[in-house]
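Structural features, examined
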Amino acid sequence: MSIETKIFRCSADNIGVLVHDPETGTCITIDAPDAQTVTAEADAAGWRLTDILVTHSHADHVDDIPALKERFGCRVIAPLKAGALVPCVDQYVKEGDALSIGATTFTVWEMPGHCADHVIYHAPILGMAFVGDVLFTLGCGRVFDNAYREMFASLQRLMTLPDETLLFGGHDYTLSNGRFALAADPDNARLRERIAEAERLAVQDRFLVPTRLGDEKTTNPFLRVGEPAVARAAGRENAPPFEVFKALREWKNSF
């Protein structure tokens, strides 16, 4: 399948993603982080926005939906659990729904932890998953409402995808995540290689998004909570993986 993607920075650190199917003309934006930038990127490519896939209800992902809806008349698809927190919704989705856009079918996974209404959109035929603020390159989303068990379960579920899956997160925190990851996993040679790559890309105003799940499994401390070295660094040696995860995330909050 011939699918085109554009990945770009929006606002300070949000990541914009456009997914275009040249055969059907569909063009999807993942969330609406910045209507002006999303519109400019679509116009520059000659694409007309047809759909907005909303991952969750936080303001920096939904506030510009009305502007994009007015400009393009696009369909807005959002998590059922978000309800009225997302404006201009045309279709609600929930766990297990299969969503067909153009020639692509997306499966909806409910993944709470960052917030209660968070979903991801997995497109197996594309080998892609649009994960919002669940997972970032070398890091994971902040946990609100003390939902550590929910976030831990969401990350563990994400790890069941094929290692080759490309993960598109909603923010670029790679360099700061890398500094924390080194503190949590200082002897990880592959991690040092990825940080060096991220630093080279940053000079060109580029970033490590999307990221391959297999690379995250070997370098992202939040996916390595079963590793003794990470547990030691978190002060939870011999503790269950969930306790290591919670300690890591709390450490990261003040790092």
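Each remark here, short or long, concerns the structure printed above.
What you see is a predicted model, and the numbers here were worked out from it, not measured in a lab.

**Describing the overall build of the protein chain**
- Along the protein chain, the regular secondary structure elements total 9 helices and 14 strands.
- Since a compact globule built from 255 residues should have a radius of gyration of about 18 Å, the 18 Å found for the protein chain is in line with a globular shape.
- By principal-axis analysis of the C-alpha atoms, the protein chain measures approximately 55 × 40 × 30 Å.
- Relative to its 255 residues, the protein chain shows a buried fraction of 52%.

**Digging into the nonpolar core**
- Counting residues in hydrophobic clusters, the biggest one holds 31 residues, and the most contacted among them are Leu155, Leu158, Leu167, Phe245 and Leu248.
- Mapped by element, the contributors of at least two residues to this core are β10 (128–132), α4 (148–158), α5 (174–184), α8 (228–233) and α9 (241–253).
- Not counting chain neighbours up to four residues away, the residues in contact with leucine 158 comprise Trp109, Met111, Ile120, Val131, Leu135, Leu167 and Leu213.
- Val19, Ile28, Phe106 and Phe130 belong to the second largest nonpolar core, which has 22 residues in total.

**Description of the side chain of histidine 114**
- Residue position: histidine 114 is located in the loop between β8 (104–110) and β9 (119–123).
- Side chain to side chain, histidine 114 and aspartate 133 meet in a polar contact 3.3 Å long.
- Of note is the side chain of histidine 114, whose polar atom sits 2.7 Å from the backbone oxygen of arginine 142.
- Those residues in contact with histidine 114 that sit more than four places away from it in its chain are His56, His58, Asp133, Gly141, Arg142, Phe144 and Met151.

**Side note on the sheet that holds strand β1 (residues 4–10)**
- Taken in spatial order, the 6 strands make up an open sheet running β1-β2-β3-β4-β5-β6, and their pairing is mixed. Each of the sheet's edge strands pairs with one partner strand only, and the pair in question is β1 and β6 (91–93). Neighbour to neighbour, the strand axes of the sheet diverge by 20° on average, direction disregarded.
- Sheet topology note: the strand β2 (residues 14–20)/strand β3 (residues 27–30) ladder contains 3 bridges and is antiparallel. Opposite leucine 18, over in β3, you have threonine 29 as the bridge partner.

**Concerning empty space enclosed by the protein**
- Within this structure, the stated rule accounts for 2 cavities of 30 Å³ or more.
- Quantified by volume, the largest cavity comes out at close to 60 Å³.
- In terms of lining residues, the largest cavity is bounded by Asn14, Ile15, Val17, Ile30, Asp31, Pro33, His61, Gly132, Phe168, Gly169 and Gly170.
- Counting residues per element, the ones that place at least two in the lining of the largest cavity are β2 and β13 (166–169).
- Of the residues in the lining of the largest cavity, the class split is 5 nonpolar, 5 polar and 1 charged.
- By volume, the second largest cavity amounts to about 40 Å³.
- Surrounding the second largest cavity, Ile3, Val19, His20, Asp21, Thr26, Ile28, Ile101, Thr104 and Phe106 form its lining.

**Details of the pattern of salt bridges**
- All told, the structure shown has 16 salt bridges when counted by the stated rule.
- Across the pair lysine 94 and aspartate 97 runs a salt bridge, and its minimum N-O distance is 3.3 Å.
- Here arginine 194 and glutamate 216 are joined by a salt bridge, their closest N and O atoms 2.7 Å apart. Note that arginine 194 is positioned in helix α6 (residues 189–203) and glutamate 216 in helix α7 (residues 213–219), a separation of 22 residues in sequence.

**Examining unusual backbone geometry**
- The step from valine 209 to proline 210 runs through a cis peptide bond, and the omega angle for that step is 5°.
- Its location among the elements puts proline 210 in the loop between α6 and β14 (211–212).
- Unusually for a residue other than glycine, leucine 138 sits at a positive phi of about 65°.
- Phi at aspartate 205 takes a positive value of approximately 55°, unusual for a residue other than glycine.
- Within the secondary structure, aspartate 205 is located in the loop between α6 and β14.

**What to know about the packing of aromatic side chains**
- What the rule picks out here adds up to 10 aromatic pairs.
- Between phenylalanine 180 and phenylalanine 222 the ring centres are 5.9 Å apart and the planes differ by 15°, which places this aromatic pair in the stacked class. Note that phenylalanine 180 is positioned in helix α5 and phenylalanine 222 in the loop between α7 and α8, a separation of 42 residues in sequence.
- A ring pair is formed by phenylalanine 222 and phenylalanine 245, whose centres lie 6.1 Å apart and whose planes are at 75°; its orientation type is edge-to-face. Note that phenylalanine 222 is positioned in the loop between α7 and α8 and phenylalanine 245 in helix α9, a separation of 23 residues in sequence. A single burial state applies to phenylalanine 222 and to phenylalanine 245, both of which are buried.
- Clustering of aromatic rings is evident, with ring pairs tying together Phe152, Phe180, Phe222, Phe242, Phe245, Trp251 and Phe255.
- Positioned above the aromatic ring of phenylalanine 242 is the side chain of arginine 149, whose terminal nitrogen or guanidinium carbon lies 3.9 Å from the ring centre.

Here is what the cut-offs are and how they apply
Residues numbered from 1 in each chain as written. Predicted model: local features only at pLDDT ≥ 70, side-chain atom pairs only at ≥ 80, totals over all residues. Heavy atoms only, no water. Helix = DSSP H or I, 4+ residues; strand = E, 2+ residues; numbered from the N terminus. Rg over C-alpha atoms; globule rule 2.2 N^0.38 Å. Buried < 20%, exposed > 50% of the residue type's maximum accessible area, 1.4 Å probe, protein only. Core = buried A, V, L, I, M, F, W, Y, C linked by side-chain atoms within 4.5 Å. Contact = heavy atoms within 4.5 Å. Polar contact = N/O pair within 3.5 Å; in protein donor to acceptor, adjacent residues only side chain to side chain. Pairing = 2+ DSSP bridges. Axes fitted to C-alpha atoms, helices over the stretch in contact; angles between N-to-C directions. 1 Å grid on protein atoms, 1.4 Å probe; cavity = no way out; pocket = protein on both sides within 12 Å on 5 of 7 lines; lining within 4 Å. Points joined across faces, edges and corners; volume = space filled by probe spheres on them. Nonpolar A, V, L, I, M, F, W, Y, C, P; charged D, E, K, R; others polar. Salt bridge = Lys/Arg side-chain N within 4 Å of Asp/Glu carboxyl O. Phe/Tyr/Trp six-rings, centres within 6.5 Å; stacked < 30°, edge-to-face > 60°. Lys NZ or Arg CZ within 6 Å of the ring centre and 35° of its normal.

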